Amino acid sequence: MAEAHQAVGFQFTVRPDGVDLKLSQEVIKNIYLSGVTAWKKRAIQFKSLVKMFSGRRPLLYSFQASLPRLPVPSVDDTIHRYLESVRPLLDSQQYNQMEVLANEFKASMATQLQRYLILKSWWATNYVSDWWEEYIYLRGRTPIMVNSNFYIMDLLYVTPTHRQAARAGNVVHAMLQYRRKLERGEHAPLRALGTVPMCSTQMERMFNTTRIPGIETDIVQHLTDRKHLVVYHRGRFFHVWLYTGGRHLLPSELETQFQRILNDTSEPQPGELKLAALTAGNRVPWARTRVKYFSQGVNKVSLDAIESAAFFLALDDEPQGYEPAKTNSLDSYAKSLLHGKCYDRWFDKSFTLISYPNGKMGVNVEHSWADAPIVGHMWEYVAATDCFHLGYTEEGHCKGDVNKGLPYPTRLQWQIPKECQDVIEASYLSAKQIADDVDFHGYLFNEFGKGLIKKCRTSPDAFIQLALQLAQFRDQGVFCLTYESSMTRMFRDGRTETVRSCTSEAVEFVRAMEDASATNAQRLALFRKAADKHQNMYRLAMTGSGIDRHLFCLYIVSKYLGVDSPFLKKVLSEPWKLSTSQTPQQQLNLVDINKFPKYVSAGGGFGPVADDGYGVSYIIIGENLITFHISSKFSSPDTDSYRFGQNIRKAMIDIQALFKTENDKKIVENAKPLENGKKYI
């Protein structure tokens, strides 16, 4: 996903206390700290484990202690799989050069680096995740808006109410219910395929969490139960209490508070309108500005209110959402969620909830603390609770009595000098340049879906990934390194792994599809071979035998030890010109989408990863719909998101036609003979 952008060509500085070929104090220290952090997490989860034995129903963390550690693959296996993955992308000379670099690495420093990783895997609960968070996310100094943050859309076809304050009231209340269940560990344990337990630690930082900027690296600040929300509307920041009399505000009470903000006609204070642009621009200017202008007085009080809030709510004043009659409605909706006006989302918050005047909602998510399925889990709960449990009156208001005695939301106060306003404007202009360059296309593929693909006896994900390879080749005329995000949450503290989808088998299939002399039977055989290969690669990634996280960690150790590896440097600098991810659906099964087919989400997406490449997120919705979220850059003369969407559509249909031909042939072969030798069907 967006992580692929950060994973290319990242750099960091290590200042070891001393480098010794047998023992590096810095790497040992880092491994030790990883273990300390892991043990602290175990202590926090112990309360939930105690609760497990006090009841019959398993709780969120019931299986956490029994999850296995992520294994460290052998260097030989990883390098073998890596060379296999780049073979279709390199000519013979390039491949031979890479093979030489790989063999030199194995013969020189690989054993030493591997030894440190094995040591870390024994001590820490996960040998990858803390380094992944730090070096891929928190040490990045470029803007996180578009480059790292991602978004999730509202229900595709249904808007429960067109009253902005009412919809926000229900959704915020549902989020508070979700948070309470989360804090008590009362959500059901997460399971892959409904049976295999998965790690839940990413969920711990969903609320009350903010990314704090630093000069060299950011930190993730997570606080205990926060009792307020900060709301942004037309350039003003408001503090809203979420509790009264020791309980959550009811949906009707929240609606009242949000409507009061919408009705407020006061003007922004100097520098307040675009203040949040600081979180959209480069990290170093923001870090310096935060220390210089927001470390004391009213500015510190107001910034603390934002950073300590449960989450951030933006009440927008321009409607968004999917409109079938409007060609580019999904495109506009996605760009609004991804970057907005560059100053109306607090991109550092764990998530910004976005509310539109037509009742639509959405979420912009900071990526360092968690991956998309975690937020998707919460969003499914919220949507089901909003529509099927809380509901609305006939007039579209939240149900319940109106409490007019609540104290009004209060404005946050700022004293922002001209020098600080200049920094804010510079961050805004930098962010706007990035936002304006995002070429987005949202596409609903409804010719067929998961139901028909499964009848073809193939994996829907493999089908789509091979369609993406065919579309990429037709769009660009070349194959490219392809990133598909898979999860490793069957292991403790697991996050993601990369599936390198452009395999030799996929290339062979695509070439056959473009070869007029190839028969459909040959193409279909090659498709099945490529699909089987993809499924095997996905299984390896999920079960700890992937390629990229292992090489990434070997590279980190090499930097701590102060040794240089041309092989690892080459691997970590390779661009992912096609970055893909599937958004999970129905993690909770709270809504029967066969009975309520309109109550489905449009999924989510992320910004372009490479300057001359595509980012593609897709969600398989029910049996008959697949939604694609495609991003690229207008500044690239070689890409066009709409064109790529059309190439995806044609590739999907062309692959399905192979199975149609096969089925027609089987029907004829199984037909009953007539007396004249012909067959009838």
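Residues numbered from 1 in each chain as written. Predicted model: local features only at pLDDT ≥ 70, side-chain atom pairs only at ≥ 80, totals over all residues. Heavy atoms only, no water.

S.K.: Would you take a moment to explain the packing of aromatic side chains for this structure?
M.R.: Aromatic ring pairs are defined here through the distance separating the ring centres and the angle between the ring planes. Tallying each qualifying case throughout the model produces 35 aromatic pairs. Summarising the aromatic geometry, the rings of tryptophan 132 and phenylalanine 552 are spaced 5.1 Å apart at their centres and angled 85 degrees between planes, so their arrangement reads as edge-to-face. Pair noted here: tryptophan 132 is in helix α6 (residues 129-138) and phenylalanine 552 is in helix α18 (residues 548-561), with a separation of 420 residues, a long-range link. Judged by its relative accessible area of 3%, tryptophan 132 falls in the buried class. Seen in terms of ring centroids, phenylalanine 311 and phenylalanine 351 are 5.0 Å apart; in terms of plane orientation they differ by 20 degrees. Their pairing is stacked. Here phenylalanine 311 is found in the loop between α10 (297-307) and β10 (312-315), whereas its partner phenylalanine 351 is found in strand β11 (residues 351-355), with 40 residues between them in sequence. On the accessibility criterion, phenylalanine 351 (0% relative accessible area) is buried. Cluster of aromatic residues (ring-pair linked, three or more members): Tyr232, Phe237, Trp286, Phe294, Phe312, Trp346 and Trp414. The ring of tyrosine 243 carries lysine 227 above its face, with NZ or CZ at 5.3 Å from the centroid. (Phe/Tyr/Trp six-rings, centres within 6.5 Å; stacked < 30°, edge-to-face > 60°. Helix = DSSP H or I, 4+ residues; strand = E, 2+ residues; numbered from the N terminus. Buried < 20%, exposed > 50% of the residue type's maximum accessible area, 1.4 Å probe, protein only. Lys NZ or Arg CZ within 6 Å of the ring centre and 35° of its normal.)

S.K.: Looking at this model, I keep getting lost on the pattern of salt bridges. Mind explaining?
M.R.: Close approach of charged atoms lets side chains of opposite charge pair. On inspection of all chains with the given rule, the structure shows 38 salt bridges. Between arginine 345 and aspartate 344 there is a salt bridge, with its nearest N and O atoms 3.3 Å apart. As far as the burial class goes, arginine 345 and aspartate 344 line up, both buried. Connected through shared salt-bridge partners, Arg141, Arg211, Asp218, Arg283, Asp348 and Glu366 make up one network. (Salt bridge = Lys/Arg side-chain N within 4 Å of Asp/Glu carboxyl O.)

S.K.: Just checking my understanding: could you explain the sheet that holds strand β7 (residues 236-241) for this structure?
M.R.: The strands that make up a sheet pair up through hydrogen bonds in the backbone, lying either parallel or antiparallel. One open sheet holds the eight strands; their spatial order is β13-β7-β6-β10-β11-β12-β1-β18, and the pairing between them is mixed. At either end of the open sheet lies a strand with only one pairing partner, and these are β13 (410-411) and β18 (604-606). Pairing geometry for β11 and strand β12 (residues 361-365), over five bridges, is antiparallel. By the bridge assignment for β12, serine 355 is matched with methionine 361. Relative to the sheet, helix α11 (residues 329-338) contacts β1 (150-153), β11, β12 and β18, its axis offset from that of β1 by approximately 130 degrees. Taken strand by strand, helix α12 (residues 372-390) contacts β1, β11 and β12, and its axis lies near 30 degrees from that of β1. (Pairing = 2+ DSSP bridges. Contact = heavy atoms within 4.5 Å. Axes fitted to C-alpha atoms, helices over the stretch in contact; angles between N-to-C directions.)

S.K.: For this particular structure, what's the right way to read unusual backbone geometry?
M.R.: Where the residue is not glycine, phi is negative for most of them; where a peptide bond is considered, it is trans in most cases. Located in the positive-phi region is arginine 234, a residue other than glycine, with phi close to 45 degrees. Its place among the elements puts arginine 234 in the loop between β6 (228-233) and β7. Of note in the backbone geometry, arginine 457 takes a positive phi value of approximately 55 degrees without being a glycine. Tracing the sequence through the fold places arginine 457 in the loop between α14 (450-455) and α15 (460-476). Using a relative accessible area of 57% as the deciding quantity, one classes arginine 457 as exposed.

S.K.: Is there a simple way to explain the packing of α15 against helix α16 (residues 504-513) in this structure?
M.R.: Two packed helices can be described by the angle between their axes and the distance between those axes. Interhelical geometry of α15 versus α16 gives an angle of 60 degrees and a closest axis separation of 10 Å. Relative to α16, α15 is oriented oblique. The two elements α15 and α16 meet at a crossing, and its hand is right-handed. Of the residues in α16, those touching α15 at Leu466, Gln469, Leu470 and Phe473 are Ala506, Phe509, Val510, Arg511 and Met513. When the residues that make up the contact of α15 with α16 are grouped by side-chain class, the tally is seven nonpolar, one polar and one charged. (Parallel < 35°, antiparallel > 145°, perpendicular 65-115°, else oblique. Left-handed = near helix turned anticlockwise from the far one by under 90°. Nonpolar A, V, L, I, M, F, W, Y, C, P; charged D, E, K, R; others polar.)

S.K.: It is not clear to me how the sheet that holds strand β17 (residues 578-582) should be interpreted in this structure. Could you clarify?
M.R.: Ordered in space as β14-β20-β19-β17-β15-β16, the six strands form an open sheet in which the pairing is mixed. Of all strands in the sheet, those with a lone pairing partner are β14 (438-445) and β16 (496-500), marking the two edges. In this sheet, adjacent strand axes meet at a mean angle of 20 degrees when their direction is disregarded. Note: strand β15 (residues 482-487) against β17, three bridges, orientation parallel. Directly across from glutamate 484, in β17, lies its bridge partner threonine 580.

By themselves these figures say nothing about function.
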